[in-house]
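One-letter residues, chain by chain:
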Amino acid sequence: MGLTKPHYCDIILLVSHMTQKRALGRRNLSVVKALAVLELFTTQDGYLTATQIGQALRISQGSLYPILHALEAAGYLIRDNGKRYRLGYKFLEKANLVLQQSDVQSVAKPYLKDLAIRLKANVHLGVLRNRKVLYLWREVGSGTVIISEIVGWQEPAYCTALGKTLLAFLSEEELEEYLAQEELTPLTTYTITVATRLREEIAIVRARGYAISDEEAHEGTVGVAAPVRGFSEQTRAGISISVSKTRFEKERDVLIQAVIDVAAAISQRLGARGGGG
C-alpha cells in the first residue's frame, strides 16, 4: 500500500507547531487531521482500516477514532463490515454545484448534442453512484423513443447499456461487491437476473469496449454505451444512445461505431491518451 511517509504527516506536525506557538486551539488542528484522513483515500487506496490510517498519519488510535466517528456520522466516510473505511456519499450531496463545474459534463455537452442531431437519437451521459446509473445530461434527438430519465434520474446499472459499461470498468473487487449486494430484479422479460450470466456479459463488455442493452430495461428499446476516460485512464463516465429495436437491427454497426467514436473524442478532450473504449 503506497502510504509510506505521506506529506500529510508533515502538514499535521507543522500545523501542530504553529498551533502551539499561536495558541490557535485544538479545534483547528482537528480539522487539519480530518482533512488529512480524507486525503489518504485514492484510487489505489480506496479502502483503509483505522490502523492503516493511524500509521500513515502517525496519529494514535485514541486521537483518531473521534475523527473517524465524526466523519462517518456526517456521511463523509462509510465503514464496511470488515471495518474498512471508504469515502462516503456526502461529497455528492452538492450534486448541482458539482455538475455545474464538471469538466466531464461541459466537455461532453457539444459532442452529445451533435450525436443526438446526427443520429436522431436520445443521448445520455452518466456515472455510477450507489450501484445505480446517475444521469448527468441528456440530449433529446428522437420523439419515437420516450424514456423518462432526466438529469439526476437514477436507473439500475445491471440492465442498462450505460450501467453495464460502467460496471465493466470497475475493479474485480468492486464488481464482486456489486454483484453480492445488488438484487437483479427483472424490468422486462429480457433482463439478466442471474449474477453469473451478468458477470459473463460484463466480461464481454470489457473486452470489446462497449455495451448493449437489448430490451433489458425497456421493452422495444435498445441502448448502446461506451466509456469516457480521463487523463488517469480511469473511466470517469459513460455515454449511451437509445433507439428502437427495429432501427437497431437495421443500423447496428453504424450506431455502435458512432457511440464508440464520440466516447473516444470526449475522452481525448479530457486527457486520455488512447481515447475511450
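Residues numbered from 1 in each chain as written. Predicted model: local features only at pLDDT ≥ 70, side-chain atom pairs only at ≥ 80, totals over all residues. Heavy atoms only, no water.

Explanation requested: helix α7 (residues 161-168) in the structure shown.
Given 3.6 residues per helical turn, the α-helix brings residues three or four places apart onto the same face. In terms of burial, α7 is largely enclosed, as 8 of its 8 residues are buried. Among all positions of α7, only Ala161, Leu162, Gly163, Lys164, Thr165, Leu166, Leu167 and Ala168 are buried. (Buried < 20%, exposed > 50% of the residue type's maximum accessible area, 1.4 Å probe, protein only. Helix = DSSP H or I, 4+ residues; strand = E, 2+ residues; numbered from the N terminus.)

Sorry, what's going on with the sheet that holds strand β7 (residues 211-214) here?
Strand pairing in a sheet is mediated by backbone hydrogen bonds. Such pairs are either parallel or antiparallel. Read across the open sheet, the 6 strands follow the order β6-β5-β4-β9-β8-β7; overall the sheet is antiparallel. Two strands close off the open sheet at either side, each with one partner strand: β6 (154-156) and β7. Mean inter-strand twist for the sheet, computed between neighbouring axes without regard to direction, equals 30°. The sheet contacts of helix α10 (residues 245-269) involve β7, β8 (221-229) and β9 (235-244), and relative to β8 the element is tilted by about 15°. (Pairing = 2+ DSSP bridges. Axes fitted to C-alpha atoms, helices over the stretch in contact; angles between N-to-C directions. Contact = heavy atoms within 4.5 Å.)

Just checking my understanding: could you explain the sheet that holds strand β2 (residues 77-79) for this structure?
The strand order across the open sheet formed by 3 strands is β1-β3-β2, and the pairing between neighbours is antiparallel. Across the chains shown, the open sheet's two edge strands, defined by having one partner strand only, are β1 (48-49) and β2. Here β2 pairs with strand β3 (residues 84-87) via 3 bridges, running antiparallel. Within the sheet, the bridge partner assigned to Arg79 lies in β3 and is Tyr85.

I keep staring at the pairing of strand β5 (residues 132-139) and nothing clicks. Help me out?
On any regular strand, side chains alternate: one points to one face of the sheet, the next to the other face. Taken together, the 7 bridges between strand β4 (residues 122-129) and β5 define a ladder with antiparallel strand orientation. In the sheet register, Val123 faces β5, and the bridge partner there is Glu139. Between β4 and β5, which follow one another and run antiparallel, lie 2 residues, and Asn130 among them has a positive phi close to 55°. Of the pairings in the sheet, the one linking β5 to β6 comprises 3 bridges and is antiparallel in character. Looking at β6, one finds that Val133 is bridged to Glu155.

I tried to follow the nonpolar core on my own but got confused; where do I start?
Soluble globular proteins tend to bury their nonpolar side chains together. Within the largest apolar cluster, 33 residues are counted, with the highest numbers of intra-cluster contacts made by Leu125, Ile239, Ile241, Phe248 and Ile266. Elements that contribute at least two residues to this core include exactly α6 (103-119), β4, β5, β8, β9 and α10. The element contributing the most residues to this core is α10, with 9 residues. When sequence neighbours within four positions are dropped, the list of residues in contact with Leu125 reads Val104, Gln105, Ala108, Leu112, Leu134, Tyr135, Leu136, Trp137, Leu162, Ala237, Gly238 and Ile239. Ala157, Leu162, Leu175 and Val205 belong to the second largest nonpolar core, which has 21 residues in total. (Core = buried A, V, L, I, M, F, W, Y, C linked by side-chain atoms within 4.5 Å.)

Please explain the pattern of salt bridges as it appears in this structure.
When the charged atoms of two side chains with opposite charge come close together, those side chains can pair. The full count for this structure, using the stated rule, is 13 salt bridges. Linking Glu72 and Arg79 is a salt bridge whose minimum nitrogen-to-oxygen distance equals 3.8 Å. The partly exposed category is assigned to Glu72, whose relative accessible area is 25%. The class for Arg79 is partly exposed, based on a relative accessible area of 37%. In this structure, Lys164 and Glu216 form a salt bridge, with 3.0 Å as the shortest nitrogen-oxygen distance. In this pair, Lys164 is assigned in helix α7 and Glu216 in the loop between β7 and β8, connecting sequence segments 52 residues apart. Just as Lys164 is buried, Glu216 falls in that class too. Salt bridges linked by common partners bring Lys164, Arg197, Glu201 and Glu216 together as one network. (Salt bridge = Lys/Arg side-chain N within 4 Å of Asp/Glu carboxyl O.)

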